[in-house]
Number of protein chains: 2
Amino acid sequence: MKAVYRFGHGRADGSAHMKDILGGKGANLAEMTNIGLPVPAGFTISTAVSVHYMRHGKLPEKLKADVEKGLQHIERIMGRKFGDPADPLLLSVRSGAKVSMPGMMDTVLNLGLNDQTVGGLARASGNPRFAWDSYRRFVQTYGDVVMGLKPDSEEERDPFEVQIDKLKRRSRVNYDYELSVDDLKALVRAFKTLIRRRTGQSFPTEPEKQLWCAIEAVFRSWNNERAAIYRRMNNIPDDWGTAVNVMAMVFGNMGDDSGTGVAFTRDPATGKNRFFGEFLVNAQGEDVVAGVRTPEPIANLRKSMPDVYAGLISVRNKLESHYRDIQDIEFTIERGRLFILQTRTGKRTGFASVRIALEMMAEGLITQDEAMLRIEPDAITHLLQPVFDPEEKRQVIADRGMLARGLPAGPGAASGRIYFTAEAVEKAKAKDPDRDYILVREETSPEDIKGMRAASGILTSRGGMTSHAALVARQMGKVCVVGCTDIEIDYAKRKMNVARRKFNEGDHISVDGFMGEVMPGQVKTKPSEVIQVLVDKTLKPTHAPVYRRFTRLMRWADKVRRLRIRANADQPDQAAAAVALGAEGIGLCRTEHMFFGEGRINKFRAMILATSEKERRAALSKLLPLQRNDFEKIFRVMAGREVTIRTLDPPLHEFLPHDEDEIHAAAKTLGVPMARLRQRARELREANPMLGNRGCRLGITFPEITEMQARAIFEAACNVKESGIDVRPEVMIPLVSDVVELTRQRAVVDGVAEQVFREKGLRIPFLVGTMIEVPRAALTADRIAREAEFFSFGTNDLTQMTYGFSRDDVGAFLPEYFKRGILRRDPFASLDEDGVGSLVKRGIILGRRTRPGLKVGICGEHGGDPESVQFCHRADLDYVSCSPYRIPVARLAAAQAVLLERSRAAQPAGGIGVSL
Amino acid sequence: MKAVYRFGHGRADGSAHMKDILGGKGANLAEMTNIGLPVPAGFTISTAVSVHYMRHGKLPEKLKADVEKGLQHIERIMGRKFGDPADPLLLSVRSGAKVSMPGMMDTVLNLGLNDQTVGGLARASGNPRFAWDSYRRFVQTYGDVVMGLKPDSEEERDPFEVQIDKLKRRSRVNYDYELSVDDLKALVRAFKTLIRRRTGQSFPTEPEKQLWCAIEAVFRSWNNERAAIYRRMNNIPDDWGTAVNVMAMVFGNMGDDSGTGVAFTRDPATGKNRFFGEFLVNAQGEDVVAGVRTPEPIANLRKSMPDVYAGLISVRNKLESHYRDIQDIEFTIERGRLFILQTRTGKRTGFASVRIALEMMAEGLITQDEAMLRIEPDAITHLLQPVFDPEEKRQVIADRGMLARGLPAGPGAASGRIYFTAEAVEKAKAKDPDRDYILVREETSPEDIKGMRAASGILTSRGGMTSHAALVARQMGKVCVVGCTDIEIDYAKRKMNVARRKFNEGDHISVDGFMGEVMPGQVKTKPSEVIQVLVDKTLKPTHAPVYRRFTRLMRWADKVRRLRIRANADQPDQAAAAVALGAEGIGLCRTEHMFFGEGRINKFRAMILATSEKERRAALSKLLPLQRNDFEKIFRVMAGREVTIRTLDPPLHEFLPHDEDEIHAAAKTLGVPMARLRQRARELREANPMLGNRGCRLGITFPEITEMQARAIFEAACNVKESGIDVRPEVMIPLVSDVVELTRQRAVVDGVAEQVFREKGLRIPFLVGTMIEVPRAALTADRIAREAEFFSFGTNDLTQMTYGFSRDDVGAFLPEYFKRGILRRDPFASLDEDGVGSLVKRGIILGRRTRPGLKVGICGEHGGDPESVQFCHRADLDYVSCSPYRIPVARLAAAQAVLLERSRAAQPAGGIGVSL
């Protein structure tokens, strides 16, 4: 079997199709060479050699001759000799597996330097410092990677850096780049001594030996610990092995006819079809990274090096027509000669993602299906939220620094004055409604709902991606960053400390909910075109190109997808926004948020304080008209679409006041002693509220609550129906763990419906179903389906119970789990297919065994997560329900699920892609 | 098909084998008749008629003629005519399904009374008041059951009782029995009027019509709501239907040659083989219940009615030889003639249960297998605990009243002074160790362990059968009653209120942990013979007949069972008791209880307060010798038996001090500011600790904890092994939800083991395995078995997560669930086979698919529950582990599982029993 694949001078032994053998990087170097891009010459040693190495612990004998021939191939094309003291050919040796494992394996650069060739490099570059610094780096890397020099105590960390620090102290300089040529020479000597002393072996001066050992070291690095963990986390088989790429080094610092740069084939921020990039004359890649010199725009090359620029334009055109996607390239100009060192698919904003896909389709580069598959569904959220002006944000961070980072829980950008209680935000908003406010809390609770609504952004120091703040913010479409652990709030003094900076109530901060970033002071935002047109109706489509692209994409997606998309919404305005964004129904209307409204909470508290069924019924009768009115409004907005209403779910203590002021106020309004309120709160206190008296357990203990809610639903439905609008209510019983719970609650709902229909002289078709959110419900779904006309998987709670993870408390260990590679993804953000998913699948199979064609949906936060949506498609759900602002994401993800299914059906052996 | 089966005068159409057709009661009436017992004549209408009635909504036409013949049969034997105004035959009409459904269906007594026959009854009994009161009751029952008279408003409850109350007010009397004959006559008239007015129908005077309608009403009652709920709760099919038994009424109040009584064929308290019972002359069953007259011992009959007594003795002998078990009979003597109205298997204490089974076997009445199956395994616990003297307890309740009832969480009897904090009990015990103390708390926490150990009994006002108090008490073998909601504790004033009675610290109460009863003051207890012989070694077997019976039974059980039995124990004395009681190993040694000991808790707290790994390691190194010492002691006691040690499980905040005094003391000992302790407690506070940072999550976040524990285990194992005692450690990682957690923790354990073995120059075989207590672990058990050498199902937590029930909080709704028939059994006490059981079975199948022969056990509280033990046997577990005092229960239950399996194999169609 062939072990070495050469590339260079327009011809390569391999191609992009050979990733299995050449790895991703090798295949692409071959591909670029084949399509005529000026890639430095080199060769790739196949993954088969890696497998041999793993099996036998050494490289195959015949490889030596092949590498020898490969080396000659490079020398021939590059016109330099390896080891030539006058003008040496230098090499890079890099790993490259079938899929990218960035930074996990080892790399050696500038290979071929020794005490002789370093002089040649110094003369050729006219830059002895560069030559010696390259040599110094090479010895350092080689000593670490190839010769295995390791720290000899925990304190030492990096023994080479210890030497550098020593030298810097002696030479009285602060930075590496201040070291003189003599300093660097001294360092090279010191490094070699260190290597000899620690490893017992001399640093090899013969370039061939350097090369051979480096190749072996890179193969060896496939099995280092961090690579093994990475593979486990990303489900990459251990037996694939890596390829090794050996390529000529080229240098951009050989004079004013040299340089280095990066470029995108289109604008990665806006998606506009223009060549975009920057470069530095007489520089190496490291100079760009060091930030000492400011790069020039790529267009300047047109004047200074017109031939090179023409070459780059030709490269750009070749890349786009060949890869059919935006490419991000690295190039080096060595003495007027252009080399492309790398090309990869360009990262881009959501705006650019949509624009590029649509325009490439218009240009005939890709098909409509490809355009849809090309867009990461999450990118759509960028189009729905206010965003910071990118230039201004960059400037603010440069001027004032970043303040803190947290988890990006609600996409968008918000800038405003900070307040530390929901009431304070409400008051400030009431006083000056034109300003923007940021609510900053350790965490939020249902009582903060009104303040959260008044705020433009929400920032919490605790909680995860599915904490109360995150859930409610996403549902409200608010910008939100959670788990920002650097923030310390002093509620009493109304101020916060962030990394030694102090902020008082009313100070400005800016929150980027896409990135999870917090900045001090104000940053200008611009509103979403899509929202302005569809929801706010303040902008005409003709003035909204982003909106027009969005609608076109959504139209395509809707034609393709099979999954139906519903919204989680419990307010008429949320419902209206959901419909505008494409919701085909409401999958989860929580009824408890309704009780926190003005003049309602104390009516609800009166119900909680009742000591007899009679008192409780009296209190409930006051809530009935309010709740009926809520439902009427939602039914009107949804006009004939299905509305799934969940009966009361949270534990009652969430509704009671907590701090002394609130208790005082509530006691006064309710006309009860404060002690009574405190006592009731104590009675209702629970060790684990998540697993306590909530969901249908409340409705079973107090059937009159379910009765009131059912009456409100059916009276509202009749009233709306009477006004000529169609209504399709679905009543959903939460937290069922045994079919008998559902039997009982269903009897209450059916009974009330019958009564109301008789009273109103009108019948409305409705369904009664249940959440499947307790493992036992999924395990006994065959029985539950006897009583349930639909299932809705509540995957938030199902995840909590299947894993035994309280989402309010995972902050204490999940970060550690991610860091140590125990978990790959947050199971609250993306559905755990192995555990939770197996319960979902089992629940569906058992449920439909009893009731064929049972309607099944999902209403956890996973309904808005693209990967989870694809799972739901595969698991044959009927619909997903998510927060209104995730609906477009779900629409696209559902379409992609169909497209992927088709492409799998068409290419059972796996498709062949050409992207990097 | 035959519809009516007659019985009477020594001959019956049916027999005990015909329960399907005659129901349990009918089959037994036939059986008793056949074996020559003097049963009043009657007939049974078969369940087939019930099925016909359900299907067609009416009784079959030909039934009328059959009933007519049946009636003639009764008249012939009883020598009275139905409807005869002079000396009327009266009838009872009762339901009777295949299995007993006590009180669920309807019964009509005294049928045949009307304005004429009532006079005959008055004359025959010489007691007009009795006759009219019987008539009054008959009309009342008939109006309700047959004619369907119901309350017409929620307030009314029972319309007949309203009339009675009205009459009592008019006649100025307080009790029903004070009403005169004229009052009763007036009531009968008023009832009839009420019936006519409400139902539009007259009360039927013709006895035949009464009979026919009553039969139909009893058949109808099969489908009333409470019967339907009962069937659902007890898995009784709806389509079985009930039989109806029509039988002659006999009266014990016909003069001094009449009477009524109850008797047991052996002493139900001690099991002694002597006839035992009591009777009242010239009385009816109701008189016994009313408690106005004091019954006489049965032996008195020998003098007053020698023939009747001889008859009874003959009945006793026939019953015992026929039913081969202790029987509980009801008899009536009507004018010197003995009638047996009912016989059923006698309820008995644990002492009686064992003695009767063993003696009946010795007498040749039953086989050894039958003797083992005859004993309810839970009854064994009576033999292991101190008990109250039954006479004295009865007297105390009579004199001082019962104080409160709760859940019987820890069997036994304790009487002592009450204290409201663990410290107070400890102090009192230290001052006066000879007295007994009862710890009374709302609920207990791990900090209370020492106080619980010092107490003889534990009483809590909150929590369920698996609350902390219940679990620890059972493990310690302490008497415990939990969830005693009537108790209100005022910790500040150190007193409690119970139903308006006040108790101060130091007052006496008595707690019966078998019955869940609490009595005021002292009640004398006597210690368990078995424990005195086996554990305390203070009694010789020769002086301990109860012990000798116990051992004989256990020996039989051990020969039969396949399941191995281990103990949950984490102290040397517990381990020793467990071995004495038959433990074959330790299935769960919790390591956290060890940290609460003297001089340890603050060392552990120092570990929690550590801010760096280095500090944490320093603190852990102080705990190492203590923990090693603990393990050494346990290994020595267990001498070569398997010991499964679980690494640290509970959340860290459980170890921090809570109240101000404790914080102050801890801060002083630890030399840190109180604020630091408070802050750390705040940091560790969790919304749902049950689903928080605990179990292996701790060991992963701080691997040095697992390291220290592993080192303590293996050093202890080596030390004990060196002293010539065999050691078999099994390290168990808790709360695993993903195999990678186990991979990591296992690597730590294996690494430490290797180190220790090298250091000690000694190798000890050991296993590393995991708890399966998170649903996801069961669902992904195939992967987990790659790393786990054994599984131990932690069914406590598995139940919590599968149901979504926090065992600390279920008190708020589980009682309601039982009351409403939603749950049949506490899933924490008896394993839920449908949900949790399906996860257990799936986990075993998946696990053994990866690792055939995988060792599997259970270490939840269910390991000591007989039904759950049988499930474990069927699910093919290798062992169950339970608290030491449950081991004999588990041994017997495991033997019964085998015996039942054999009898199922031998009689695939279901065996035929003759017990009632």
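Note that the structure is a prediction, hence the values are computed from the model and not measured. Sequence order sets the numbering: in each chain, residues are counted from 1 along the sequence as written. Here the convention is simple: chains get letters from A, ligands get numbers from 1, in the order in which they are written. For a predicted model such as this one, the threshold for reporting local features is a pLDDT of at least 70, and the threshold for listing and counting side-chain atom pairs is 80 or more; totals across whole chains, interfaces and linings nevertheless cover every residue. As a rule here, side-chain values cover all heavy atoms of the structure and leave hydrogens and water aside.

In DSSP terms, a helix is any run of H or I states spanning at least four residues, a strand is any run of E spanning at least two, and both are numbered starting from the N terminus. Helix and strand content of chain A: 35 helices and 34 strands. Its C-alpha atoms give chain A a radius of gyration of 32 Å, near enough to 29 Å, the size a compact globule of 916 residues would have. For chain A, the spread of C-alpha atoms along the principal axes amounts to about 100 × 60 × 55 Å. Three exposure classes are used, based on accessible area relative to the maximum for each residue type with a 1.4 Å probe and protein chains only: buried under 20%, partly exposed in between, and exposed over 50%. For chain A, the proportion of its 916 residues judged to be buried stands at 58%. The contact criterion used throughout is that any non-hydrogen atoms of two residues lie within 4.5 Å. Contacts spanning at least 24 positions in sequence make up 68% of the contacts within chain A whose residues lie at least 6 apart. In these tables, accessible area is a Shrake-Rupley quantity obtained with a 1.4 Å probe, and a residue counts as shielded only by the protein chains included in the view. By element, 49% of the accessible surface of chain A is carried by carbon and sulfur atoms, the whole surface being about 37100 Å². Just to be clear, the radius of gyration here is over C-alpha atoms, and the globule rule we use is 2.2 Å times residues to the power 0.38.

Contacts between the two partners involve 50 residues from chain A and, on the opposite side, 49 residues from chain B. The quantity reported as buried area is the accessible area (1.4 Å probe) lost by two parts once they are put together, taken as the sum for both. Buried area between chain A and chain B, summed over both chains or domains, comes out near 4600 Å², and the portion from carbon and sulfur atoms is 51%. Take a side-chain nitrogen of Lys or Arg and a carboxyl oxygen of Asp or Glu: if they are within 4 Å of each other, that pair is a salt bridge. Measuring nitrogen to oxygen at the nearest pair gives 2.7 Å for the salt bridge that ties B:Asp832 to A:Arg776. The term polar contact refers here to a pair of N or O atoms within 3.5 Å; inside protein, the definition further demands a hydrogen-donor-capable atom paired with an acceptor-capable atom, and it admits residues adjacent in sequence only when both atoms are side-chain atoms. The interface formed by chain A and chain B includes 24 residue pairs in polar contact (both at pLDDT 80 or more).

Right, let's get into the relation of the copies chain A and chain B. One chain copy maps onto the other through a rotation about an axis and a shift parallel to that axis. Copy-to-copy alignment: least squares on C-alpha atoms, limited to residues at pLDDT 70 or above in both. For the match of chain A to chain B, the screw axis carries a shift of 0.2 Å, the RMSD comes to 0.2 Å, and the turn is 179°. The relationship between the two copies is best expressed as a two-fold rotation axis. Looking at the interface residues of chain A, 98% of them are also at the interface in chain B, so both copies use one shared face.

This part takes up the sheet that holds strand S9 (residues 259-264) of chain A. Backbone-to-backbone hydrogen bonds pair the strands of a sheet. The strands run either parallel or antiparallel. Residues and elements named next belong to chain A. Spatially, five strands are ordered S11-S10-S9-S12-S13 in an open sheet, and the strand pairing comes out antiparallel. Lying at the two open borders of the sheet, with one neighbouring strand each, are strand S11 (296-297) and strand S13 (337-345). One requirement defines pairing of two strands: DSSP has to find at least two bridges between them. Direction of pairing for strand S12 (residues 327-334) relative to S13: antiparallel, over a ladder of eight bridges. Looking across to S13, one finds that Phe331 is bridged to Ile340.

Among the buried residues, those of types Ala, Val, Leu, Ile, Met, Phe, Trp, Tyr and Cys that are joined through side-chain atoms within 4.5 Å form a nonpolar core. The biggest cluster of nonpolar side chains holds 209 residues, and the ones touching the most others in it are A:Phe635, A:Phe791, B:Phe635 and B:Phe791. Residues in contact with A:Phe791, not counting those within four places in the same chain, are A:Thr770, A:Ile772, A:Ala781, A:Ile784, A:Ala785, A:Gly843, A:Gly847, A:Leu854, A:Lys855, A:Val856 and A:Gly857.

All names here are of chain A. The axes used here are C-alpha line fits, helices contributing only the stretch in contact, and every angle between their N-to-C directions lies in the interval 0 to 180 degrees. Contact geometry for helix H5 (residues 128-146) and helix H6 (residues 159-171): axes closest at 10 Å, N-to-C directions at 150°. Seen from H5, the contacting residues are Arg136, Gln140, Gly143 and Asp144; seen from H6, they are Phe160, Glu161 and Ile164. Under the scheme applied here, ten amino acids are nonpolar (Ala, Val, Leu, Ile, Met, Phe, Trp, Tyr, Cys and Pro), four are charged (Asp, Glu, Lys and Arg), and all others, including Gly, are polar. Each residue belonging to the contact of H5 with H6 can be placed in one class, and the counts come to two nonpolar, two polar and three charged.

Within this structure, the stated rule accounts for 128 salt bridges over all chains. The salt bridge partner of B:Asp448 is B:Arg441, with a shortest N-O separation of 3.9 Å. One exposure class covers both B:Asp448 and B:Arg441, and it is buried. Where B:Glu715 meets B:Arg711, a salt bridge forms, and the shortest distance between an N and an O atom there is 2.7 Å. Within this pair, B:Glu715 and its partner B:Arg711 are both found in helix H27 (residues 703-722), separated by four residues, close to a single helical turn. Per residue, the accessibility class of B:Glu715 equals that of B:Arg711, and both read buried. Via salt bridges that share partners, A:Asp558, A:Arg561, A:Arg564, A:Glu584 and A:Arg891 belong to a single interconnected network.

What follows deals with the confidence of the model for chain A. Residues and elements named next belong to chain A. Confidence scores labelled pLDDT are given residue by residue by the predictor and lie between 0 and 100. Summary statistics for chain A give a mean pLDDT of 91 and a share of 97% for residues scoring 70 or more. Across residues 909-916 the pLDDT falls below 50, and counting only partners more than four positions away or on other chains, this stretch makes 18 contacts in the model. Among the scores for the predicted complex, ipTM is 0.82 and pTM is 0.82.

Below, the discussion takes up the sheet that holds strand S6 (residues 91-96) of chain B. Residues and elements named next belong to chain B. Taken in spatial order, the six strands line up as S2-S1-S3-S8-S6-S7 in an open sheet, and their pairing is antiparallel. Each edge of the open sheet carries a strand with a single partner, namely strand S2 (11-12) and strand S7 (107-111). Bridge count between strand S1 (residues 4-8) and S2: two bridges; the pairing is antiparallel. Residue Gly8 lies in a different strand from S2, and its bridge partner there is Arg11. Sitting on the sheet, helix H1 (residues 19-34) is in contact with S1, S2, strand S3 (42-45), S6 and strand S8 (243-248), with an inclination near 35° to S8.

All names here are of chain B. Checked against the element boundaries, Val173 lands in the loop between helix H6 (159-171) and helix H7 (181-199). The class of Val173 is buried, set by a relative accessible area of 17%. If we skip the residues at most four places from it in the chain, Val173 touches Lys168, Glu178 and Leu179.

On to the packing of aromatic side chains, then. For Phe, Tyr and Trp, rings pair up if their centres lie within 6.5 Å, where Trp contributes its six-membered ring, and each pair is then called stacked (planes under 30 degrees apart), edge-to-face (over 60) or tilted (otherwise). Counted under the stated rule, the structure contains 38 aromatic pairs over all chains. The interplanar angle of 65° and the centroid separation of 4.8 Å between the aromatic rings of A:Phe160 and A:Phe191 together place this pair among those described as edge-to-face. Placement of A:Phe160 in helix H6 and of A:Phe191 in helix H7 (residues 181-199) is noted, with a sequence separation of 31 residues between them. The burial state of A:Phe160 is the same as that of A:Phe191; both residues are buried. With centroids separated by 6.5 Å and ring planes inclined at 35°, the aromatic side chains of B:Phe631 and B:Phe635 adopt a geometry described as tilted. With B:Phe631 and B:Phe635 both in helix H23 (residues 613-638) and four residues apart, the pair spans about one turn of that helix. Across this residue pair, the class does not change: B:Phe631 and B:Phe635 are buried. Pairwise contacts between aromatic rings join A:Phe595, A:Phe596, A:Phe604 and A:Phe655 into one cluster. Here, a charge over a ring is recorded when the distance from Lys NZ or Arg CZ to the ring centre is within 6 Å and its angle to the ring normal is within 35 degrees. Over the ring of B:Trp222 we find B:Arg231, and its NZ or CZ is 3.9 Å from the ring centre. If you follow B:Arg566 out to its NZ or CZ, it ends over the ring of B:Tyr879, 3.9 Å from the centre.

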